[in-house]
Amino acid sequence: MPVRRLEPLLIDRIAAGEVIERPAAALKELVENALDAGARRVDVALEAGGRRLIRVVDDGCGMSAADLDLAVERHATSKLPDGDLSAIATLGFRGEALPSIGSVARLEIFSRAQGAKDGAGVVVDCGDKSGPAPAAQPAGTRIEVRDLFAATPARLKFLRTDRAEARACADVLERLAMARPDVRFSFASNDMRGFDLPACEEGPEGWLTRLCAVLGAEFEANALRVEAGREGLRLSGFAGLPTWSRASASAQYLFVNGRPVRDRLLSGAARVAYMDLLPPGRHAALALFVECEPREVDVNVHPAKSEVRFRDPGLARGLVVGALKQTLASAVHRASPAGGVAALGLMARRPSPVPRQGWDWRASPARPLSSDEAAPNALAEAAANFAVLAAERSAAPAGEPAPGAPEPALDAPLGAARAQLHETYIIAQTRDGLVIVDQHAAHERLVYERLKAAREGGSAPRQALLIPAVVELARAELDALLDAAPLLAEFGLIVEPFGPGAAAVTEVPALLHDPDPVKLARDLASALAEDEGGAGVRRRFELALATMACHRSVRAGRRLRPEEMNALLREMERTPGSGQCNHGRPTYVELKLSDVERLFRRR
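Below: a short report on this structure. Keep in mind that this is a model prediction, so the values were computed, not measured.

1. Overview of helix 8 (residues 264-273)
Moving on, step 1. Those residues of helix 8 lying buried are Leu266, Gly268, Ala269, Ala270, Val272 and Ala273.
Moving on, step 2. Measuring from the backbone nitrogen of leucine 265 back to the side-chain oxygen at the start of helix 8 gives 3.1 Å, which picks out aspartate 263 as the cap.

2. Re the sheet that holds strand 13 (residues 286-291)
Moving on, step 1. Spatial ordering of the open sheet is given by 9-10-13-11-12, a layout of five strands whose pairing is mixed. Two strands in the sheet have a free side with no partner beyond their single neighbour: strand 9 (223-230) and strand 12 (259-261). Neighbour to neighbour, the strand axes of the sheet diverge by 20° on average, direction disregarded.
Moving on, step 2. Two strands pair when backbone bridges link them, and strand 9 and strand 10 (residues 233-240) are joined in this way by eight bridges, in the antiparallel orientation. Its bridge partner being in strand 10, arginine 225 is matched across the sheet by phenylalanine 238.
Moving on, step 3. Its contacts with the sheet place helix 6 (residues 204-215) against strand 9, strand 10, strand 11 (252-256) and strand 13, and it is angled at close to 45° to strand 10.
Moving on, step 4. Where helix 9 (residues 313-330) meets the sheet, it contacts strand 9, strand 10 and strand 13, and its direction lies at approximately 140° from that of strand 9.

3. Some thoughts on the environment of arginine 462
Moving on, step 1. Note that arginine 462 resides in strand 19 (residues 462-472).
Moving on, step 2. Residues arginine 462 and leucine 511 lie 49 residues apart in sequence; the distance between their C-alpha atoms is 8.1 Å.
Moving on, step 3. Each residue touching arginine 462, except ones within four places of it in the same chain, is listed here: Ala489, Gly492, Ile494, Glu507, Val508 and Ala510.
Moving on, step 4. Of the polar contacts made by the side chain of arginine 462, one reaches the backbone oxygen of alanine 489; its length is 3.4 Å.

4. Notes on the nonpolar core
Moving on, step 1. Counting residues in hydrophobic clusters, the biggest one holds 63 residues, and the most contacted among them are Val31, Val42, Val44, Leu107, Val145 and Phe187.
Moving on, step 2. Among all residues touching valine 31, those that are not within four sequence positions of it are Val42, Val44, Val56, Leu173, Leu176 and Phe185.
Moving on, step 3. If you look at the next biggest cluster of nonpolar residues, it comprises 36 residues, including Val256, Val272, Leu288 and Val321.

5. Description of the environment of glutamate 202
Moving on, step 1. Within the element layout of this structure, glutamate 202 appears in the loop between strand 8 (195-197) and helix 6.
Moving on, step 2. A sequence separation of 22 residues divides glutamate 202 from arginine 180, and the C-alpha atoms of the two residues are 9.5 Å apart.

6. Focus on a negative patch on the surface
Moving on, step 1. Where like charges cluster on the molecular surface, the negative patch consists of Glu231, Glu293, Glu296 and Asp312.
Moving on, step 2. In this structure, glutamate 296 sits in the loop between strand 13 and strand 14 (297-298).

7. Digging into the packing of helix 8 against helix 9
Moving on, step 1. For the pair helix 8 and helix 9, interaxial distance at closest approach is 9 Å and the crossing angle is 35°. Note that helix 8 runs across helix 9; the crossing there is right-handed. Together, Leu265, Leu266, Ala269, Ala270, Val272 and Ala273 of helix 8 and Pro313, Ala316, Arg317, Val320, Val321, Leu324, Lys325 and Leu328 of helix 9 make up the contact between the two elements.
Moving on, step 2. Classifying every residue of the contact of helix 8 with helix 9 by side-chain character gives twelve nonpolar, no polar and two charged.

8. As for unusual backbone geometry
Moving on, step 1. A positive phi angle, near 55°, is found at histidine 422, a position not held by glycine.
Moving on, step 2. For histidine 422, the location among the structural elements is in the loop between strand 16 (416-421) and strand 17 (425-430).
Moving on, step 3. In this structure histidine 422 comes out as exposed when scored by relative accessible area, which is 65%.

9. Here we look at the pattern of salt bridges
Moving on, step 1. Within this structure, the stated rule accounts for 28 salt bridges.
Moving on, step 2. A salt bridge links glutamate 563 to arginine 561, with the nearest nitrogen and oxygen atoms 2.9 Å apart.
Moving on, step 3. The exposure class assigned to glutamate 563 is partly exposed, which follows from its relative accessible area of 48%.
Moving on, step 4. Look at the salt bridges and you will find they share partners, linking Arg55, Arg142, Glu144 and Arg146 into a network.

Conventions used here
Residues numbered from 1 in each chain as written. Predicted model: local features only at pLDDT ≥ 70, side-chain atom pairs only at ≥ 80, totals over all residues. Heavy atoms only, no water. Buried < 20%, exposed > 50% of the residue type's maximum accessible area, 1.4 Å probe, protein only. Helix = DSSP H or I, 4+ residues; strand = E, 2+ residues; numbered from the N terminus. Polar contact = N/O pair within 3.5 Å; in protein donor to acceptor, adjacent residues only side chain to side chain. Pairing = 2+ DSSP bridges. Axes fitted to C-alpha atoms, helices over the stretch in contact; angles between N-to-C directions. Contact = heavy atoms within 4.5 Å. Core = buried A, V, L, I, M, F, W, Y, C linked by side-chain atoms within 4.5 Å. Patch = residues over 30% accessible without salt bridge, like charges linked within 9 Å, V, L, I, M, F, W, Y side chains within 5 Å. Areas by Shrake-Rupley, 256 points an atom, 1.4 Å probe, with all protein chains shown as cover. Salt bridge = Lys/Arg side-chain N within 4 Å of Asp/Glu carboxyl O. Lys, Arg positive; Asp, Glu negative; His and termini not counted. Charge placed at Lys NZ, Arg CZ, Asp CG, Glu CD. Left-handed = near helix turned anticlockwise from the far one by under 90°. Nonpolar A, V, L, I, M, F, W, Y, C, P; charged D, E, K, R; others polar.

Shown next as structure tokens:
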């Protein structure tokens, strides 16, 4: 078959398959054009998920009739005045979007340049252009795309439902709205609920207001401000607390020079920064903005402009990892307040206990005893107990605060320990509420950080076993454990082969204080073997630390003395990341006094 030159219309339709794969892609191109035109307001309307109608109205600089006539031609653009592809400062630059849309749908454009007396309009119906012609139009541009893919009906069967396509369009607009909080965006559709995002003030406060409008009001209470810079790259934005994680990465929003991107380099850097704070399968919620000189990043690597390539990828990755780690460390023990809200909701929904039919209070083991049933010396024993308690109180050390005096621990972030429930949970009182701490999860995190600090400080102290502990393992587990032996030695755990199917533990970390070496080795081998497929050095490091910390931590079911509980609270306040355990679960829940009073209808 001979080689032939394709017709211009066929070329446009092929290009449309790359650029305009669904209604959301067409909407993205149109809104980016509006923002490049300096619009301060963008209104979007859809019908049938964008298949029947996409309307974008803006108040940008507009176009003259001559520019309008040329704008629908292939590879015609106003965004490359000097033709330098290495210094692209706009969202669009290829000049392919409008002719590609016009080749597969009916495209109507009406525009009037700022300061011009008259407007103009042009229509491209599946490749057939008519106009430009005079038209009534306020300053700005109105674009309508009707019957998308009418010229290529085979593409329609690959679209999802109208509601799903409308949701994708809304997501595109929300991402662009996050990048430009100074612009007002509105969205209307007959398939889903619309929204109207007013313009916000400049600066971090405006960004946070816009992010909360998109991600929800609770984002503000769970977000940490990120600000860093290095060698010409600037990073800003907000990162969610580890306890406010998500089951997917859909709540991660990344922007480069104001352009929404889905970049594997940046998302991978965020994953590394949260690696020892989130369990596998959980993802952080964040919005990060990277700013740099246009020459330091190449945006011309994907037809949809959704990917970028940094000139120095190591610098960009290091900046994101370092800034996120520093921000998360500065949060110390802070955890998401959503846990307290959820706890109050559960208590509020719990039905009041109603005695069942035929219930007799006299048969209850908690009934009050009559004088005949009570032990003869019960009152005497009670009086003796109160006397002992009074004697202990009067003999308290002089350094303790007198009754009624203010207690300094109440001003601490996690308050003063008051009780222990079920030998598992510590109840602490603060000035304005109470805190419930999971003692095992909290101490597990503290030990994790101690082990990590000991390893970073050099060789971790070891304790030699008088008699090596021999553990028999399955072949896969034994191989995984021995492969990780050099890494385990950095923590002070020495594991050596001991004949077929067995390993010997000769030394253990001194920080673990009398662990069970056999159980520790089994748990380590099991964890390393399970994660062998995606393991890597850092993942093995994390697994080893987490397993050792779990063996060293205070177990649920152990009764703690008041001084031990308070010592645990104070160390949590000093330790970064102590708001969640090694598995990503919260270590404490805080309830404000006002919320508790509202629960009992006292206010």
